[in-house]
Amino acid sequence: MNATAAPIRLEGVGKVYPGGTVAVGGLSLDIPAGELVVLVGPSGCGKSTILRMVNRLVEPSAGRIYLGEEDVTHADPVQLRRRMGYVIQHVGLFPHQTVRDNAATVPRLLGWPRARITSRVDELLDLVGLEPSLYAARYPHELSGGQRQRVGVARALAADPVVLLMDEPFSAVDPIVRGRLQDEFLRLQKTVRKTILFVTHDVDEAVRLGDRIAVLSDRGRLEQYAPPAELLAQPANDFVTEFVGTDRGIKRLGVTRIPVSLRPVPDGASRPEVSADATLLDALAAMLDTGTGAVIVRGNDGVRGFLTLDDIFTTMHQDPNPVG
């Protein structure tokens, strides 16, 4: 089972709290079906409020929210949430339920047959890297922080939602585990291709995970919305430039593909090799590690060509080419 991903569209969505505090002004944003869009910005800019307005945990004061072609602004919020996966920072697993029961929460609410629930939970535990025979009968306190976060992702995906909302899901674990979770999540997204709205305050995480990044300032003001490489190469204004940091050149190397068009390999060349799927940062690292000024690029079909340090400089001055 794999539900078709649906786009999300926000039209002038805003939130004003009693007393006149404006949390989010009129935000308009299109999230394409099957893409992972990251909301990033300083603390208090309204990122989490925007996410919670999408599933109506926070009721918008103005604007419209569309899931596909359906205006869900006035839909039944409980039914709406059952169509959307939701992953939060501290997971929120039920402590007295097993991993299997936690992952099965929404399918049980939807009245799925027991056999179908069992099959789906086993499938998802495998997908997030938790062997069902080892983990399904455990309780949350018997898991590491990273394992609990994986169960949270499995639970969010259990009813095959068309949209996945994630609010700083990896920020409660240490940096090493966080990197592993990010790697696993990228692998998972290649398989499930959900429409994902992801909140983080970490620019590096946004660049690593996002198909597109929305940089927000105070009151949810949209400063720039672009793929990572474009954002890093061409910040829209001083706010974005300052927010993405002075090392944006290095970040951009990490999201820029090795060019398809490469030099022929010189006769007798014995340079280090990198994969054709690697980034320019990977290629540069190989050059620095070996003290050479070039690498041989190899794909599944054999040697693709030769990449030099000058080629990297040239590519970085061309139009952005994001990893996708």
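Small disclaimer: the values here were computed from a predicted structure and weren't measured.

Colleague: It is not clear to me how unusual backbone geometry should be interpreted in this structure. Could you clarify?
Modeller: Leaving glycine aside, a negative phi is the common case for residues, and trans is the common case for peptide bonds. Of note, Arg56 is a non-glycine position whose phi angle comes to about 65 degrees, a positive value. Examined against the element boundaries, Arg56 turns out to sit in the loop between α1 (47-54) and β4 (62-67). Although it is not a glycine, Arg193 sits at a positive phi angle of roughly 45 degrees. The topology assignment puts Arg193 in the loop between α8 (175-192) and β8 (195-200).

Colleague: How should the pairing of strand β3 (residues 36-40) be read in this particular structure?
Modeller: Put simply, side chains in a regular strand alternate between the two faces of the sheet. Taking burial as the measure, the five residues of β3 include five buried ones, the bulk of the element. Alternating positions in β3 separate into two faces, Leu36, Val38 and Val40 on one and Val37 and Leu39 on the other, with burial throughout. Pairing of β3 with β8, which is carried by five bridges, proceeds in the parallel orientation. In the strand pairing of β8, Leu39 is matched with Val199. Pairing geometry for β3 and strand β9 (residues 212-217), over four bridges, is parallel. What sits directly across from Val38, in β9, is Ile213.

Colleague: Sorry if this is basic, but what is going on with the sheet that holds strand β2 (residues 22-31) here?
Modeller: Two pairing modes exist for strands in a sheet, parallel and antiparallel, and in both the strands are linked by backbone hydrogen bonds. Overall, antiparallel pairing links the four strands, which are arranged β2-β1-β4-β5 in an open sheet. For this open sheet the edge positions go to β2 and β5 (70-71), each flanked by a neighbour on one side alone. Alignment of strand β1 (residues 8-16) against β4, held across five bridges, turns out to be antiparallel. In the sheet register, Leu10 faces β4, and the bridge partner there is Ile65.

Colleague: How do you make sense of the packing of helix α13 (residues 280-290) against helix α14 (residues 309-316) when you look at a structure like this?
Modeller: Helix-helix packing is characterised by the crossing angle of the two axes and by the distance between the axes. It is the contact of α13 with α14, at a shortest axis distance of 11 Å, that shows an interaxial angle of 155 degrees. Judged by the inter-axis angle, α13 sits roughly antiparallel to α14. Crossing hand, α13 versus α14: left-handed. In this structure, α13 contributes Leu280, Ala283, Leu284 and Met287 to the contact, and α14 contributes Leu309, Ile312, Thr315 and Met316. Among the residues forming the contact of α13 with α14, the class breakdown is seven nonpolar, one polar and no charged.

Colleague: Please clarify how the pattern of salt bridges should be interpreted in this entry.
Modeller: Side-chain pairs of opposite charge can arise whenever the charged atoms involved come near each other. By the definition in use, this model includes 20 salt bridges. Between Asp183 and Arg208 there is a salt bridge, with the nearest N and O atoms lying 2.1 Å from each other. Taken together, the positions of Asp183 in helix α8 and Arg208 in helix α9 (residues 203-209) put the pair 25 residues apart, joining distant regions of the chain. In this structure Arg208 comes out as partly exposed when scored by relative accessible area, which is 36%. Glu273 is the partner of Arg298 in a salt bridge, and the nearest nitrogen-oxygen pair spans 2.7 Å. In this pair, Arg298 is assigned in strand β12 (residues 294-299) and Glu273 in strand β11 (residues 273-275), connecting sequence segments 25 residues apart. Three or more residues joined by partner-sharing salt bridges are found here, namely Arg120, Glu123, Asp160 and Lys194.

Colleague: Quick question: what am I supposed to make of the environment of Thr105 here?
Modeller: Mapped onto the elements, Thr105 comes out in helix α4 (residues 105-109). Taking the C-alpha atoms as reference, Thr105 lies 9.7 Å from Phe94; in sequence the two are 11 residues apart.

Colleague: Sorry if this is basic, but what is going on with the packing of helix α7 (residues 145-157) against α8 here?
Modeller: Packing of α7 against α8 brings their axes to within 10 Å, and their N-to-C directions diverge by 25 degrees. Accordingly, the angle class assigned to the pair α7 and α8 is roughly parallel. As for how α7 packs across α8, the hand of that crossing is right-handed. Between α7 and α8, the contacting residues are Gly146, Gln149, Arg150, Val153 and Leu157 on the first element and Val177, Leu181, Glu184 and Leu188 on the second.

The rules behind these values
- Residues numbered from 1 in each chain as written.
- Predicted model: local features only at pLDDT ≥ 70, side-chain atom pairs only at ≥ 80, totals over all residues.
- Heavy atoms only, no water.
- Helix = DSSP H or I, 4+ residues; strand = E, 2+ residues; numbered from the N terminus.
- Buried < 20%, exposed > 50% of the residue type's maximum accessible area, 1.4 Å probe, protein only.
- Pairing = 2+ DSSP bridges.
- Axes fitted to C-alpha atoms, helices over the stretch in contact; angles between N-to-C directions.
- Parallel < 35°, antiparallel > 145°, perpendicular 65-115°, else oblique.
- Left-handed = near helix turned anticlockwise from the far one by under 90°.
- Contact = heavy atoms within 4.5 Å.
- Nonpolar A, V, L, I, M, F, W, Y, C, P; charged D, E, K, R; others polar.
- Salt bridge = Lys/Arg side-chain N within 4 Å of Asp/Glu carboxyl O.

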